[in-house]
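Commentary on secondary and tertiary structure
Listed below, chain by chain, are the residues.
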Amino acid sequence: MTLAIETRDLNYQPGKGFQIANLNMSVPSGSFYGFLGPNGAGKTTTIRLLLGLLKPKSGMITVLGHSMPRDHVVVMSKTGYVPERPHVYPTLTVEEAIRLHSAFHARWDANWARELKQQFNLMDDRKVGSLSKGETGKLMMLLALAQQPELLVLDEPTDGLDPVVRRDVLEALLAYVSQHHATILISSHLVHELERLCDWIAVMDRGSLVAEMPMQQFKDGIKRLSVINPPAASHDAPFSVLTRRTDVLAGEQWLVRGWSAEMQDYFAPRGATLQEVIDLDLEDGFVELLRSFRSDAMAGGVK
Amino acid sequence: MNERPSQWRALLETQWKWTRGLSLIGVLLGFALPLLSLRTAAGMESLTSFISMMGSWGVAYAIAAGALGLATGVLVWGFDHRLRHVYALALPIERWRYVLFRYGAGVVSLIFPILAVLIGAEIASHSALVPKELHAYTIALTLRFGFAVLVAYSLFFAISAATARTAGYILGAIGVLIVAQVLFQAANTHVDVLSNAIRLVITTPGLLAVFGGRWTLIDV
């Protein structure tokens, strides 16, 4: 598996308090990589480190085979970036913003930029500063796509957009991916959006990567088990028990990770009965994963 | 407007939108100053008072050059600062080249006010108001004005381009000088740190020496 983005032992600390600590991240080439995390988890900071906008304290970053931030010119010539907040000069008109951006990208596709402009209903003479949030989002997506990047990094690209605009933006994105087989890294806290789009998922919280795996594995691996007469201890289980909650019907609800069907044999020798295996959607899995990560972190802190 | 412009041209066009208003003010001011100074001096009764009046207008040239350089130096980084430099940093261009282009585009916008001083000075010096015994120094005045504008622009471009921390160091250093001066005065010593520091900067070979000295269009 070749990697579009790889970080090893990446550390960054902007001041006291928040830090990115020993981040090891692997984004496979050609993947649609969802970067999930609550607000303030460190997603935007990580993205800025990946793109050379911030300088790491230590560690290694490789993007499209190049070392960052050293090779940022080569990397950014192949990377489309849609930041969290509008970054285009507000005094320029739409046409001027497109013209400025095109000057820096050798693979700029002017015809496609025109098509996208029509598709997104963006008027040439409108000032960027006077565009609505949705129109600004569309313009930033246009700029990122028309440069024909090998890698697209999208930081909360649909945050705050209405459903119609969100659909327009995501359709343009999917059309691009299907034609160019680019790698997409998309950060969001909108779990359902990522569930539909992504084939890889990473979860970040408090500056650490909590999980990184193929989406299917993530969804398959996290289950809620309904257990009757559960054993007192479960540390010898072949799966990870994230939480245990007493059920009203004399049993327990276990939230587990790393589950597969053959593991049901674990219960009978311990006098327990596995009554039901419930599939969780990504949001449930995400929430439970964060909950268990935070309780582990707190337990670690107490020690 | 559909073909891809060069990076330099694209940045120049963008920056021109921000600085053209200031450039226009500079042009009007640069053109008017020589004419106004001569007009005021022409009413003087003696040659000595004529020369003295022309010389007193020198301060106006220095202030105009300093203000124009300062405003342009700050303005060229204004929008990058406001957008936290995200757009600029995400462009596939070496950082030094980007800074050079921004600097160069600022210099281009300053050329027009400098030319306006030259044109205004030429028109003034060819008018009948100049006493026959005196000489006009149009080129010298324009060069001095241009040099002063570029020095002020370069200084404030560099300060403005730097991080908030660097700006803090510069302000901190000025603050230390002021506090030292206050302490020396409180201690009744005759040490004048502030005046010495200012003299060091504005007299030759100080950084801002071009702002000192004589700025006059008409002289002996």
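In every chain, residue numbers begin from 1 and rise along the written sequence. Here the convention is simple: chains get letters from A, ligands get numbers from 1, in the order in which they are written. Given that the model is predicted, a residue must reach a pLDDT of at least 70 before its local features are reported, and side-chain atom pairs must reach 80 or more before they are shown or counted; all residues, however, enter totals for whole chains, interfaces and linings. Hydrogens and water molecules were not included; the side-chain quantities draw on all heavy atoms of the structure.

1. Structural notes on the overall build of chain A
Segments assigned H or I by DSSP are reported as helices when at least four residues long, segments assigned E as strands when at least two residues long, and all are numbered from the N terminus. A tally of helices and strands in chain A yields nine helices and 14 strands. Using a 1.4 Å probe on the protein chains alone, a residue whose accessible area is under 20% of its type maximum counts as buried, one over 50% counts as exposed, and one in between counts as partly exposed. Counting only residues that meet the buried cut, chain A has 52% of its 303 residues in that class. Considering only contacts within chain A whose residues lie at least 6 apart along the sequence, 69% involve residues at least 24 apart. Every accessible area reported is derived by Shrake-Rupley at a probe size of 1.4 Å, with residue values counting cover from the shown protein chains alone. Looking at chain A as shown, the accessible area adds up to about 13,500 Å², and 49% of this sits on carbon and sulfur atoms. Each charge class in chain A can be summarised by its mean position, and for the 31 positive and 36 negative side chains these summaries are 6 Å apart. Note on definitions: a residue-residue contact is assigned when non-hydrogen atoms from the two residues lie within 4.5 Å. Neither His nor the chain termini are counted; the positive set is Lys and Arg, and the negative set is Asp and Glu. For the purpose of locating charges, the reference atoms are NZ of Lys, CZ of Arg, CG of Asp and CD of Glu.

2. Thoughts on the domain arrangement of chain B
All names here are of chain B. Where each domain starts and ends follows an automatic or database-derived domain assignment. Each assigned domain of chain B is listed with its residue range as follows: domain 1 (3-161) and domain 2 (164-211). Distance from the C-alpha centre of domain 1 to the C-alpha centre of domain 2: 27 Å. Facing 10 residues of domain 1, the contacting portion of domain 2 comprises five residues. By buried area we mean the combined loss of accessible area, with a 1.4 Å probe, across both parts when two parts are placed together. By the criterion of area lost to domain 2, the three top residues of domain 1 are Val151, Leu155 and Ile159, representing 50% of everything that side buries. What counts as a salt bridge is simple: a side-chain nitrogen of Lys or Arg found within 4 Å of a carboxyl oxygen of Asp or Glu. Between domain 1 and domain 2 we count zero salt bridges in total. Identification of polar contacts relies on pairs of N or O atoms within 3.5 Å, with a donor-acceptor requirement for protein atoms, meaning one able to donate a hydrogen and the other able to accept it, and with residues adjacent in sequence counted only if both atoms are side-chain atoms. Our count for the contact surface shared by domain 1 and domain 2 stands at one residue pair in polar contact (both at pLDDT 80 or more). Take the side of domain 1 that touches domain 2: its biggest share by element is seven residues, from helix H6 (residues 138-161).

3. What about the sheet that holds strand E10 (residues 208-214) of chain A?
Residue and element names in this part refer to chain A. Strand order in the open sheet made by the six strands is E6-E7-E8-E3-E9-E10, with mixed pairing throughout. Strands at the two margins of the open sheet, each flanked by one partner only, are strand E6 (79-82) and E10. Ignoring which end each strand starts from, the neighbouring axes of this sheet average 15° apart. A pair of strands counts as paired when DSSP detects no fewer than two bridges linking them. Sheet analysis places strand E3 (residues 32-36) next to strand E8 (residues 183-188), joined by five bridges and oriented parallel. Paired with Phe32 across the two strands is Ile184, which belongs to E8. Comment: axis = line fitted to C-alpha atoms, over the contacting stretch for helices; angle = value between 0 and 180 degrees taken between N-to-C directions. Strands in contact with helix H5 (residues 133-146) are E6 and strand E7 (151-155); relative to E6, the strand with the most contacts, it is inclined by about 175°.

4. What to know about the packing of aromatic side chains
Centre distance and the angle of the planes are the two values used to describe a pair of aromatic rings. In summary, the pairing rule links any two rings of Phe, Tyr or Trp, Trp by its six-membered ring, whose centres are within 6.5 Å, and it sorts them by plane angle into stacked for under 30 degrees, edge-to-face for over 60 and tilted for everything else. What the rule picks out here adds up to 18 aromatic pairs over all chains. Note on Trp77 of chain B and Phe157 of chain B: the rings are 5.3 Å apart at their centroids and 45° apart in plane angle, and the pair reads as tilted. Residue Trp77 of chain B is located in helix H3 (residues 58-82), and its partner Phe157 of chain B is located in helix H6; the two are separated by 80 residues in the primary sequence. An aromatic cluster of at least three residues, connected via ring pairs, comprises Phe239, Trp254, Trp259, Tyr266 and Phe267 of chain A. Comment: the charge-over-ring label is applied if NZ (Lys) or CZ (Arg) is within 6 Å of the ring centre and within 35 degrees of the ring normal. One residue, Arg144 of chain B, lies across the ring of Trp215 of chain B, its end atom 5.5 Å from the ring centre.

5. Quick notes on unusual backbone geometry
All names here are of chain A. Of note, the amide linkage connecting Met68 to Pro69 takes the cis form, showing an omega dihedral of 5°. Within the secondary structure layout, Pro69 lies in the loop between strand E5 (66-68) and helix H2 (72-77). At Asn22, a position not held by glycine, the phi torsion is positive, near 45°. Looking at the secondary structure, you find Asn22 in strand E2 (residues 20-28). With a relative accessible area of 49%, Asn22 lands in the partly exposed category.

6. Digging into the interface of chain B and chain A
Listed as interface residues are 30 residues of chain B and, on the opposing side, 30 residues of chain A. Taken together, the two surfaces of chain B and chain A that pack against each other cover about 2,900 Å², and 64% of this comes from carbon and sulfur. Ranking the residues of chain B by area buried against chain A places Arg4, Tyr87 and Pro92 of chain B at the top, with a combined share of 26%. For the salt bridge of Lys17 of chain B with Glu96 of chain A, the shortest nitrogen-to-oxygen distance reads 2.8 Å. Counting only elements with at least two residues in the side of chain B that touches chain A, the list comes to helix H1 (7-41), H3, helix H4 (86-89) and helix H5 (95-125) of chain B. Ranked by residue count, the leading element in the side of chain B that touches chain A is H1 of chain B, at eight residues. Gly is put with the polar residues, along with every residue not named as nonpolar or charged; the nonpolar set is Ala, Val, Leu, Ile, Met, Phe, Trp, Tyr, Cys and Pro, and the charged set is Asp, Glu, Lys and Arg. Residue composition of the side of chain B that touches chain A, grouped by class: 16 nonpolar, four polar and 10 charged.

7. A few points about the side chain of Asp80 of chain B
Secondary-structure assignment places Asp80 of chain B in helix H3. In this structure Asp80 of chain B touches Tyr89 of chain A together with His85, Ala88, Tyr98 and Arg102 of chain B, once residues within four positions along its chain are discounted.

8. Some thoughts on the sheet that holds strand E1 (residues 3-12) of chain A
Residue and element names in this part refer to chain A. Sheet architecture is open: four strands sit in the order E2-E1-E4-E5, paired in antiparallel fashion. Each end of this open sheet is capped by a strand with a single partner; those strands are E2 and E5. The average angle at which neighbouring strand axes cross in this sheet is 20°, direction not considered. Bridge analysis of E1 against E2 gives six bridges, and the strand direction is antiparallel. Looking across to E2, one finds that Thr7 is bridged to Met25. In the packing of helix H1 (residues 43-50) onto the sheet, contacts are made with E1, E2, strand E4 (58-63) and E5, and the angle to E2 comes to roughly 70°.

9. As for H6 of chain B
All names here are of chain B. Helix span, as expected, comes to 1.5 Å for every residue beyond the first. The terminal C-alpha atoms of H6 lie 34 Å apart, and with 24 residues this matches the ideal 34 Å at 1.5 Å per residue to within 8%. Among the residues of H6, Thr138, Leu141, Thr142, Phe145, Gly146, Ala148, Val149, Val151, Ala152, Tyr153, Phe157 and Ser160 are the ones counted as buried. Lining the buried residues of H6 we find H3, H5 and strand E1 (135-136).

10. A closer look at the environment of Arg8 of chain A
All names here are of chain A. Within the secondary structure, Arg8 is located in strand E1. Looking at Arg8, the relative accessible area reads 30%, which means it is partly exposed. Sequence separation between Arg8 and Ala268 is 260 residues; the distance between their C-alpha atoms is 42 Å. Not counting chain neighbours up to four residues away, the residues in contact with Arg8 comprise Leu23, Asn24, Met25, Ser26, Gly59 and Met60.

11. With respect to the side chain of Gln181 of chain B
All names here are of chain B. Structurally, the position occupied by Gln181 is in helix H7 (residues 164-186). Within polar-contact distance, the side chain of Gln181 engages the backbone nitrogen of Val193 at 2.8 Å. Not counting the four nearest positions on each side in its chain, Gln181 is found in contact with Val191, Asp192, Val193 and Leu194.

12. Digging into the pattern of salt bridges
Close approach of charged atoms allows side chains with opposite charge to pair. Residue and element names in this part refer to chain A. By the definition in use, this model includes 16 salt bridges over all chains. Here Arg107 and Glu150 are joined by a salt bridge, their closest N and O atoms 3.7 Å apart. One end of the pair, Arg107, is in the loop between helix H3 (94-103) and helix H4 (110-119); the other, Glu150, is in the loop between H5 and E7, with 43 residues separating them in the sequence. Salt-bridge contacts for Glu135 lead to Arg126; the nearest nitrogen and oxygen are separated by 3.3 Å. Accessibility expressed as a relative area gives 19% for Glu135, which makes it buried.

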